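# Notes for the structure review
The primary structure of each chain is shown beneath.
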Amino acid sequence: MTLPLTQTSPDGRVIVTAMRQGSKTTPYVRVTVDGALAVSEECRLHSGRARVALLDGVPSEHVAWIGAALVQLADAWASAPPEPTAREGTDASVPIVADVVPWPQSVPLAWALDAMRRRVTAHLYVPPHALVALVLWIAGTHAFVVSDGKLQTPFAFFPILWANSATRACGKSRLVQFVAALVRRAFNSENCSTAAAFRVASACFPAALFDEVDTWLSEDKSREFVGFLNASVARGGTFTRVQGENHDVRAYPVFGPRLIAGIGTRLADATRSRTIRVRLERKPTHHKVADLYRHERWSEPLRSQLARAVQDVVPDLETIFAEDGPARPEGLEDRAADMWAPLLALADVAGGEWTELARAACRVLTREAMSQDEEEGDIGVRLLAAVRDVFSDRRTDAIAADDLRTALVADPASVWAEYRTGSGGRSEPISVRGIAQLLRRFGIASHKDRTARWYRLADFASAWVRYFPGEPHSSQASQVSPDAPSVTVGTHVTFGETASNRVSRDDDDDGYLRALLAEGPPPDEEMAA
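Residues numbered from 1 in each chain as written. Predicted model: local features only at pLDDT ≥ 70, side-chain atom pairs only at ≥ 80, totals over all residues. Heavy atoms only, no water.

Given 3.6 residues per helical turn, the α-helix brings residues three or four places apart onto the same face. In terms of burial, helix α8 (residues 222-231) is a largely internal element, 7 of the 10 residues being buried. For α8, the complete set of buried residues consists of S222, F225, V226, F228, L229, N230 and A231. (Buried < 20%, exposed > 50% of the residue type's maximum accessible area, 1.4 Å probe, protein only. Helix = DSSP H or I, 4+ residues; strand = E, 2+ residues; numbered from the N terminus.)

This is the structure in structure tokens:
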């Protein structure tokens with residue numbers, strides 16, 4: 001006998017299901033009548049009083065049959081096997097995370113996404129572009145199905161969802177709780193070691209949720225944890241370890257959905273590039289959200305409907321990825337394209353407004369990530385961005401090395417003004433030589449004449465195109481002739497955007513998302529048979 005346990009009426013109109021919910025021992029009972037959900041709650045099946053209380057929520061003409069079905073389920077539940085443990089061959093001894101039973105009738109994916117969007121709006125305070133990404137990411141976890149102990153999914157990559165906030169009380173833990181209620185095979189792993197995390201990932205293929213990740217990254221175990229995260233985003237990703245007295249080498253498969261949430265979290269560049277970032281802010285006092293008390297009443301049915309909706313479109317997803325994948329927004333390349341591909345494909349299959357909602361959210365969140373990378377990412381890329389802004393402000397096609405340094409260190413709050421620690425522990429600004437060393441990594445060198453060393457605008461064109469794709473200044477800079485003189489007095493160079501005015505272009509997508517989401521999805525209604 002296997003779980004969940006199901007009883008179906010002779011005419012097929014009534015289905016009664018008893019299942020485990022996480023690690024709880026009390027069964028979770030769901031009753032559907034003619035495809036509509038009648039009851040969905042915990043019930044101590046062995047208790048006659050509890051069974052009678054559950055019958056209050058069902059149509060009177062079906063009470064007798066459902067009551068008899070509950071008695072049979074109570075007997076079956078008493079003899080049901082214990083919660084299964086990790087697959088044989090692993091050295092983990094942990095419960096398998098609870099899976100979801102797909103909804104018995106077909107569920108349109110767009111309907112399920114709209115229903116989840118309503119719930120996000122009701123219970124969380126997130127920006128509109130983050131809302132779209134969150135909904136699609138949660139739906140994507142239901143494409144990870146375990147059959148006969150093996151993981152099956154149409155995705156070759158799946159991004160880490162990174163929820164970050166500047167301070168406490170921004171709804172970070174609430175978001176994790178919300179996600180845990182709706183994803184497939186949730187494993188809330190805020191209090192486990194890296195060794196336990198990768199063994200559970202290998203044995204159970206869960207959607208692992210790591211809250212308070214800033215504490216993980218501040219400890220000695222952070223290197224192992226980061227390695228585990230990095231290996232989790234690609235099909236075939238493994239976490240290799242030596243174990244046992246014979247020092248046997250074992251590769252643990254760890255591909256699967258991962259959510260990390262923290263306060264002021266700083267991630268390594270390799271991990272940042274594998275994430276879709278959701279920036280959380282403290283909600284205004286006048287903005288009210290519903291609590292998550294007894295969320296099982298709506299989350300269990302919705303999770304089941306999501307599972308069925310995604311299950312039904314897996315062939316469509318496989319077709320998309322068997323060809324060229326989903327259409328990408330302009331400028332989305334390389335790893336960022338890989339990370340967004342599952343979410344864009346789900347949106348395309350759902351159709352309607354979701355196709356453009358997903359791409360607008362992708363553009364906004366990708367630009368936010370690029371802007372954050374310029375401020376916090378690789379120091380060389382940050383220097384390229386800073387030099388780009390200096391050229392834009394000076395409106396010239398060449399600048400002396402000494403003048404470039406002066407412009408970079410002019411802001412006392414910039415990283416260039418306190419670039420290194422000098423004698424006596426005092427911070428010192430970056431030197432001309434330091435600038436040259438960083439730019440040399442990108443194949444950029446200064447040109448010397450009788451008076452000074454100069455950097456030419458044209459020398460940066462290739463690097464700007466590669467590291468800041470899709471931005472107008474990159475293509476315009478690349479049109480400057482390499483044979484141009486070192487200094488051209490009065491030259492006027494037009495740059496499309498800098499860090500200070502880039503926001504205006506984001507406003508188009510952000511405004512579109514706000515306007516469309518303000519209209520809201522179709523009115524909520526019961527899922528029809």
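Two side chains that carry opposite charge are able to pair once their charged atoms sit near each other. One pass over the structure, following the stated rule, counts 16 salt bridges. Here K172 ties to E212 by a salt bridge, and the two come within 3.3 Å at their closest N and O atoms. Placement of K172 in helix α5 (residues 172-182) and of E212 in the loop between β9 (207-210) and α7 (213-217) is noted, with a sequence separation of 40 residues between them. The partly exposed category is assigned to E212, whose relative accessible area is 30%. Two residues, E368 and R279, come together in a salt bridge whose shortest N-O distance is 3.9 Å. Of this pair, E368 sits in helix α12 (residues 354-376) while R279 sits in strand β13 (residues 275-280); the two residues are 89 residues apart in sequence, bridging distant segments of the chain. (Salt bridge = Lys/Arg side-chain N within 4 Å of Asp/Glu carboxyl O.)

It is worth spelling out the sheet that holds strand β14 (residues 398-400) at this point. The strand order across the open sheet built from 3 strands is β14-β18-β17, with neighbouring strands paired in antiparallel fashion. Looking at strand neighbours, the two that pair on one side only are β14 and β17 (447-448), the edges of this open sheet. Of the pairings in the sheet, the one linking β17 to strand β18 (residues 453-456) comprises 2 bridges and is antiparallel in character. By the bridge assignment, K448 is partnered in β18 with R453. (Pairing = 2+ DSSP bridges.)

Looking at the secondary structure, you find P253 in strand β11 (residues 248-253). P253 gets classed as partly exposed once you look at its relative accessible area, which sits at 33%. A sequence separation of 54 residues divides P253 from R199, and the C-alpha atoms of the two residues are 8.9 Å apart. For P253, the contacting residues outside a window of four places in its chain are A201, S202, G237 and T238. (Contact = heavy atoms within 4.5 Å.)

Next up on the list: the packing of helix α4 (residues 128-141) against helix α11 (residues 334-350). Contact geometry for α4 and α11: axes closest at 9 Å, N-to-C directions at 90°. Looking at the two axes, α4 sits roughly perpendicular to α11. Seen from α4, the contacting residues are A133, L136, W137, A139 and G140; seen from α11, they are W340, L343, L346 and A347. (Axes fitted to C-alpha atoms, helices over the stretch in contact; angles between N-to-C directions. Parallel < 35°, antiparallel > 145°, perpendicular 65-115°, else oblique.)

What follows deals with the nonpolar core. Judged by nonpolar contacts, the single largest core of 66 residues is most densely connected at M116 and I138. Counting residues per element, this core draws most heavily on α4, at 10 residues. What I138 contacts, discounting residues up to four positions off in sequence, is M116, F178, V179, L182, V183 and L306. Core analysis: the next-biggest nonpolar cluster, separate from the first, contains 27 residues, L404, L408, L439 and L457 among them. (Core = buried A, V, L, I, M, F, W, Y, C linked by side-chain atoms within 4.5 Å.)

Where a strand is regular, its side chains alternate between the two sheet faces. In terms of strand pairing, strand β3 (residues 28-33) meets strand β4 (residues 36-42) through 6 bridges, oriented antiparallel. Counted as the bridge partner of V29 is E41 from β4. In this structure, the hairpin formed by β3 and β4 is closed by a connection of 2 residues, where D34 is found at a positive phi of approximately 55°.

Here the focus is the sheet that holds β13. The strand order across the open sheet built from 5 strands is β8-β9-β12-β7-β13, with neighbouring strands paired in parallel fashion. Each edge of the sheet is formed by a strand with only one pairing partner; in this case those strands are β8 (186-188) and β13. The sheet shows a mean angle of 15° between the axes of neighbouring strands, direction not considered. Where strand β7 (residues 160-165) meets strand β12 (residues 258-263), 6 bridges bridge the pair, whose relative direction is parallel.

With that settled, consider the packing of aromatic side chains. Following the criterion strictly, the structure yields 18 aromatic pairs and no others. On the numbers, 5.3 Å between centres and 70° between planes, the contact of F144 with F255 is edge-to-face. Taken together, the residues span a long stretch of sequence, with F144 in the loop between α4 and β5 (145-147) and F255 in the loop between β11 and β12 at a distance of 111 residues. For the residue pair F144 and F255, the accessibility class agrees, reading buried in each case. Taken together through their ring pairs, the aromatic side chains of W137, F144, F155, F158, F255 and F321 make up a single cluster. (Phe/Tyr/Trp six-rings, centres within 6.5 Å; stacked < 30°, edge-to-face > 60°.)

For R359, the location among the structural elements is in helix α12. Taking relative accessible area as the criterion, R359 reaches 8% and is therefore assigned buried. Within the structure, the side chain of R359 is placed 2.9 Å from the side chain of D348, a separation counted as a polar contact. (Polar contact = N/O pair within 3.5 Å; in protein donor to acceptor, adjacent residues only side chain to side chain.)

Within strand β2 (residues 14-19), 6 of the 6 residues are buried, which leaves the element mostly enclosed by the surrounding structure. Pairing of strand β1 (residues 5-8) with β2, which is carried by 4 bridges, proceeds in the antiparallel orientation. When the sheet's bridge partners are listed, T8 is paired in β2 with I15. The hairpin turn running from β1 into β2, its antiparallel successor, is 5 residues long, and G12 in that turn takes a positive phi close to 75°. Note that β2 and β3 share 6 bridges and pair antiparallel. Opposite I15, over in β3, you have T32 as the bridge partner.

Let's shift gears to the environment of I138. Turning to its location among the elements, I138 is positioned in helix α4. Exposure remark for I138: the relative accessible area of 0% places this residue in the buried category. Counting along the chain gives 22 residues from I138 to M116, while the straight-line C-alpha distance between them is 9.1 Å.

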